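Given next are the chains, with one letter for each unit.
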Amino acid sequence: MNPQDMNRRRFIATSAAAAWAANASATAQPAKGPNDRLGVGIIGCGGRSAAHIGALQELAERDKSVEIVALCDVYRPRLQKTIEKLGHPLDTYMDHRELLANPKVDMVCIATPDHHHGYQALDALKAGKHVYCEKPMTHWRQFALAKEVAKAAAASPCAFQLGAQRMSDSAFHQMRKLVQDGLIGQPIHAECGIFRTGDWGERGMPIEDPNVQPGPDLLWDAFLGDAPKRPFEASRFFRWRMYEDYAGGPVTDLYPHVLTQMIHMLGVKMPSKVVASGGIYRYPEREVPDTFNMLIDYPEKISVALLGSQGNSYQATGNRDDIRVPVIRGWDGALTIEKEEIVFIPDDEAAKTGKTPQRFPIEHGYNMLLLMRNWVDCARNGTKALDSGSELAYYTQTALLMGMAAFRGNRTAFFDPEKEEISVG
Ligand SMILES: NC(=O)c1ccc[n+]([C@@H]2O[C@H](COP(=O)([O-])OP(=O)(O)OC[C@H]3O[C@@H](n4cnc5c(N)ncnc54)[C@H](O)[C@@H]3O)[C@@H](O)[C@H]2O)c1
C-alpha cells in the first residue's frame, strides 16, 4: 500500500473510531472515569505483541486512554527486549497468573502460541480483566476450551475481542447489511480463502539463539502447557508454528481472518457439517498442512467454500489486500469486492425482472488500530459492541475445528446443536 493510501485509511479509520466512541458512550454506563487510564498487561512478548504495543502506544498518545503497565513471557530475553523498546521500567512476570494478580492491570493482550490462548483468556476473564486475544481462539484440539471461553466471556462484564483485525474493515459490515436487506435474495453459496507463499516456520521464524537451554530464563514446561511433554528443542520453542502440538497450519493460523467475516456477513452460526482436504504439499519440514480446503454447510441451506495454500500467493479474484476476496451468491445475484468497491451482480433471472448491477464505495479498509480502539472503548464504557467478540469467534472456531477434525479423520464432521458437540462420521 502506498503512503498516501495508508494516510487516507488512517484518517478514515480515525473518523470511524470517533464515530464508534460516540455511539458507545451514548448507550453505555462508563465502567471507569473518562480520565482514568486503563492499565494493559501484555502476555507473550514475541512478534505479534509488537503490533499490539504499537497500537496501544498510538492510543496512549492520542487520548491517554491506556497505558502498558506489565509484561509476561516465559523467555526472559523477550521481556528484556520489550522493556528496551518501551524505554521505561514496568512490572514483568514469567507466569501470566502473577500478571493477572497485579491490580494495575485492567486489561490484557494475549499473543502467545495458540495452545495457551484459551487458558490465559479464561484466567483473565475470571480475574475480571478485559481480554484482547490473538486468533485462533484456541488450539485445534481444544474445542471444549473454546466453548468454555465463549460462555465465560458471555457471562462476564469484561470485553473480549479476538484479534481478527480484518473485522475492522467496513466492507464486511456494509456487505452484511446488503445481505440482510435482501439485495442478493436468499444466500446459497459463498467462497473465501487465503493464498500466500511462505511456511511461517522454518524460514519465517528464525531460531534466535541455537544454544539456548531451559532454565530460569526459559521456562520450557510453561511453554509446553497442556501439549505433550517432550524434551527441549530450540526449533519447537522458536518455530512452534511448524508443529501440530502447538499449531494447526492455515486452518487455525490464517482462516480466522476470512471465515469470521463470512459468518458475520451471512448471519449464520454453527455449521451442520464440514469436509476438508489438503496436506503438506510444499514444505515437508512441517508437521502441519500448508494447503487446506474446507466445504462448510450451514443449516440455513448455505455452503461456504474456504480455500487456501501457503504454496502460492495468487488471489484469482479481486486484488484488494492479501486475501482472496469473498463472493456471496444468492438466489437473485452475487456480492463481491473490486478494489475499493462492493459490487452487486444480478443473476440472469433477476436481471430479467429489473435488478441491475450496483456498486457501493467501501467506507474504510481494515486497520489494527480500529479493532484495538473498539476493544478499549467497550472496556471503558462497559459495552459489548465488539467487532470481533466472543460469540462470533466461537462460531468461527467451531467451523475451523470441525475442518481440522474432518481432515484428521478423513471423514465428515457434524455439529450437534443440542449437545453443542462435534462428531466425526
Ligand atoms: N492477527 C494477526 O495477524 C497475527 C499475526 C501474527 C501472529 N498472530 C498470533 O499471535 C500469536 C503469537 O504469534 P507470534 O508470531 O507473536 O509468536 P512468537 O513466537 O513470536 O511469540 C510468542 C511469545 O509467547 C511466549 N510464550 C510462550 N508460552 C508462553 C506462556 N505460557 N506464557 C507467556 N508467554 C509465553 C514466547 O516465549 C514468545 O515470546 C499466535 O497465536 C498467532 O496466531 C496473529
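Here is a short report on the structure shown in this document. (Residues numbered from 1 in each chain as written. Predicted model: local features only at pLDDT ≥ 70, side-chain atom pairs only at ≥ 80, totals over all residues. Heavy atoms only, no water.)

Some words on the state of the cysteines
At step 1: Considering all chains together, one arrives at zero disulfides under this definition.
At step 2: C72 takes part in no disulfide bond, and the closest cysteine sulfur to it belongs to C45, at a distance of 7.2 Å.
At step 3: Judged by relative accessible area, C72 falls into the buried class, the value being 4%. (Disulfide = S-S within 2.5 Å. Buried < 20%, exposed > 50% of the residue type's maximum accessible area, 1.4 Å probe, protein only.)

Some thoughts on the side chain of T336
At step 1: With respect to the helices and strands, the residue T336 is situated in strand β12 (residues 333-338).
At step 2: Sequence-distant contacts of T336, defined by excluding residues within four places in its chain, comprise M175, V325, P326, V327, E341, I342, V343 and I345. (Helix = DSSP H or I, 4+ residues; strand = E, 2+ residues; numbered from the N terminus. Contact = heavy atoms within 4.5 Å.)

What to know about the pattern of salt bridges
At step 1: In the structure shown here, the tally under the stated rule is 24 salt bridges.
At step 2: Between R78 and E208 there is a salt bridge, and its shortest N-O distance comes to 2.8 Å. Of the two residues, R78 sits in helix α3 (residues 76-86) while E208 sits in the loop between β7 (187-195) and α8 (220-224), which places them 130 residues apart along the sequence.
At step 3: A residue is classified by how much of its surface remains accessible, and R78, at 18% relative accessible area, is buried.
At step 4: Put simply, E349 and K352 hold a salt bridge, and the shortest N to O gap is 3.3 Å. Here E349 pairs with K352, and both are found in helix α12 (residues 348-352), just three residues apart, close to one helical turn. (Salt bridge = Lys/Arg side-chain N within 4 Å of Asp/Glu carboxyl O.)

Structural notes on the site of the ligand
At step 1: Around the ligand sit 30 residues, and of these R48, D73, R78, D114 and W240 come closest.
At step 2: The backbone of A222 places a nitrogen or oxygen atom 3.3 Å from a nitrogen atom of the ligand.
At step 3: Note that an oxygen atom of the ligand is positioned 3.1 Å from one of the side-chain N or O atoms of R241.
At step 4: Of all elements in the fold, only α2 (47-63), α5 (114-126) and α8 reach the threshold of two or more residues within the shell around the ligand. (Near = heavy atom within 4 Å. Polar contact = N/O pair within 3.5 Å; in protein donor to acceptor, adjacent residues only side chain to side chain.)

Quick notes on the sheet that holds strand β6 (residues 160-162)
Consider a sheet: its strands pair through backbone hydrogen bonds, and that pairing is either parallel or antiparallel.
At step 1: Taken together, six strands build an open sheet; the order of strands is β3-β2-β1-β4-β5-β6 and the sheet is parallel. Strand pairing shows two members of the sheet lacking a second neighbour, β3 (91-93) and β6, which therefore form its edges. Within the sheet, the average angular offset between the axes of one strand and its neighbour, ignoring direction, is 20 degrees.
At step 2: The sheet contact formed by strand β4 (residues 107-110) and strand β5 (residues 130-133) spans four bridges and is parallel. Pairing of I110 across the sheet is with C133, part of β5. (Pairing = 2+ DSSP bridges. Axes fitted to C-alpha atoms, helices over the stretch in contact; angles between N-to-C directions.)

Section: the pairing of strand β9 (residues 291-298)
At step 1: Note that strand β8 (residues 273-279) and β9 share seven bridges and pair antiparallel. Bridge pairing in β9 links V274 to I296.
At step 2: Where β9 and strand β10 (residues 302-309) come together, six bridges link them in antiparallel fashion. Within β10, the residue paired with I296 across the bridge is V304.
At step 3: If you look at the hairpin formed by β9 and β10, you'll find three residues sitting between the two strands, and K301 has a positive phi there, around 65 degrees.

Notes on the packing of aromatic side chains
At step 1: In this structure the tally under the stated criterion is 12 aromatic pairs.
At step 2: On the numbers, 6.5 Å between centres and 85 degrees between planes, the contact of F143 with F415 is edge-to-face. Here F143, found in helix α6 (residues 143-155), pairs with F415, found in strand β15 (residues 413-416); they are 272 residues apart in sequence, far enough to count as distant.
At step 3: Residue classification places F415 among the buried positions, given a relative accessible area of 10%.
At step 4: By the ring-pair criterion, three or more aromatic residues cluster together here, those being Y75, W220, F223, F232, F237, F238, Y243 and Y246. (Phe/Tyr/Trp six-rings, centres within 6.5 Å; stacked < 30°, edge-to-face > 60°.)

Observations concerning unusual backbone geometry
At step 1: In this chain, K135 is followed by P136 through a cis amide linkage whose omega measures -10 degrees.
At step 2: With respect to the helices and strands, the residue P136 is situated in the loop between β5 and α6.
At step 3: You will see that K301, though not glycine, has its phi angle at about 65 degrees, which is positive.
At step 4: Within the secondary structure layout, K301 lies in the loop between β9 and β10.
At step 5: Its relative accessible area of 70% is what places K301 among the exposed residues.
At step 6: A positive phi angle is found at E420, which is not glycine, with a value near 55 degrees.
At step 7: Relative to the elements of secondary structure, E420 occurs in the loop between β15 and β16 (421-424).

A short note on helix α11 (residues 256-266)
At step 1: The buried count for α11 comes to 11 of 11 residues, which makes it a mostly enclosed element.
At step 2: Among all positions in α11, only P256, H257, V258, L259, T260, Q261, M262, I263, H264, M265 and L266 are buried.
At step 3: In the stretch just after α11, G267 is the one whose phi turns positive, near 70 degrees.

Points about the environment of P216
At step 1: On the secondary structure map, P216 appears in the loop between β7 and α8.
At step 2: Given a relative accessible area of 65%, P216 falls into the exposed group.
At step 3: With 142 residues separating them in the primary sequence, P216 and V74 have C-alpha atoms 9.0 Å apart.
At step 4: In this view, P216 contacts R76 and M94; residues no more than four positions away in its chain are not counted.

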